[in-house]
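# Summary of structural features
Read off the chains here:
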Amino acid sequence: MTTPTLTDINELVERLASLNADTAQPIVMTLGGPSASGKSTLMDLLAEHFGQLASLSTDDYYIGRSRMRTSMSPDDAKNFDLPEAVNLAQLAGHILSLKNGQSVERPVYDMLTSEPTGKTVPVAPQPIIVVEGIFANHPIIRQHATLTSTAWRSFEDRLARRMSRDVQRKGYTPEQIRRYLVDVAEPAYQAHCAANDQSVDFFIAR
């Protein structure tokens, strides 16, 4: 992705607040971006500002390693950065339910085992619904969005962030993390997500 024209987080907050004040309908905002681009940090800032948010992450809707092995090709079953690795239809259904004022049961995914836990967490409808994750701007999701955005960082920054995160979270070595990002995650992102993330309302760096 080429360096976009970035927007200050305060401008995004003002736009969300304005949309929320102008309509009685829930506002749905997507927050896409490549791995380790700062999506979770931006989500925390939005939650701090607005208080009550209904937040959903595409990470929570991974189908898991076992199901990937039975439903995807042997090569693809190793790649968690493909849209097929996520139950986007279930996520879209949950967005619609929240927009209609209905609570949903968000699945809980275990990053250490790479499997759904079978547990769920209730998410109540709120005036602002934020969907974040690598696939947040996928057409299946963004068709329900009022506002779209992408978190942006340079590849070098993202590599450093992912190394810091995944060494602690998954116990991977720095070389394993670098090879996965360079050989798997980044090519998959460019092939399946980059174009969607380039045609958004806001680019945010954090």
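Quick caveat: nothing in here was measured; it's all calculated off a predicted structure. (Residues numbered from 1 in each chain as written. Predicted model: local features only at pLDDT ≥ 70, side-chain atom pairs only at ≥ 80, totals over all residues. Heavy atoms only, no water.)

Next up on the list: the sheet that holds strand β1 (residues 27-32). Sheet architecture is open: 5 strands sit in the order β2-β5-β1-β6-β7, paired in parallel fashion. Bordering the open sheet on either side are β2 (54-57) and β7 (202-204), each of which pairs with just one other strand. Along the sheet, successive strands turn relative to each other by an average axial angle of 20°, direction set aside. Bridge analysis of strand β6 (residues 147-151) against β7 gives 3 bridges, and the strand direction is parallel. From the neighbouring strand, S149 faces β7, where its bridge partner is F202. (Pairing = 2+ DSSP bridges. Helix = DSSP H or I, 4+ residues; strand = E, 2+ residues; numbered from the N terminus. Axes fitted to C-alpha atoms, helices over the stretch in contact; angles between N-to-C directions.)

What follows deals with helix α1 (residues 9-22). The terminal C-alpha atoms of α1, which comprises 14 residues, lie 20 Å apart, in line with the 20 Å expected from a rise of 1.5 Å per residue. Considering only its buried residues, α1 is in contact with β1, α2 (39-50), β5 (128-132), β6 and β7. Sitting at the amino-terminal end of α1 is D8, which places a side-chain oxygen 2.7 Å from the backbone nitrogen of N10. (Expected span 1.5 Å × (residues − 1). Contact = heavy atoms within 4.5 Å. Polar contact = N/O pair within 3.5 Å; in protein donor to acceptor, adjacent residues only side chain to side chain.)

Oppositely charged side chains can form a pair if their charged atoms are brought close together. With the rule as written, the count across this model stands at 4 salt bridges. With its nearest N and O atoms 3.0 Å apart, the salt bridge here joins E186 to R158. Residue E186 is located in helix α7 (residues 174-192), and its partner R158 is located in helix α6 (residues 155-169); the two are separated by 28 residues in the primary sequence. There is no split in this pair, since E186 and R158 are both buried. (Salt bridge = Lys/Arg side-chain N within 4 Å of Asp/Glu carboxyl O. Buried < 20%, exposed > 50% of the residue type's maximum accessible area, 1.4 Å probe, protein only.)

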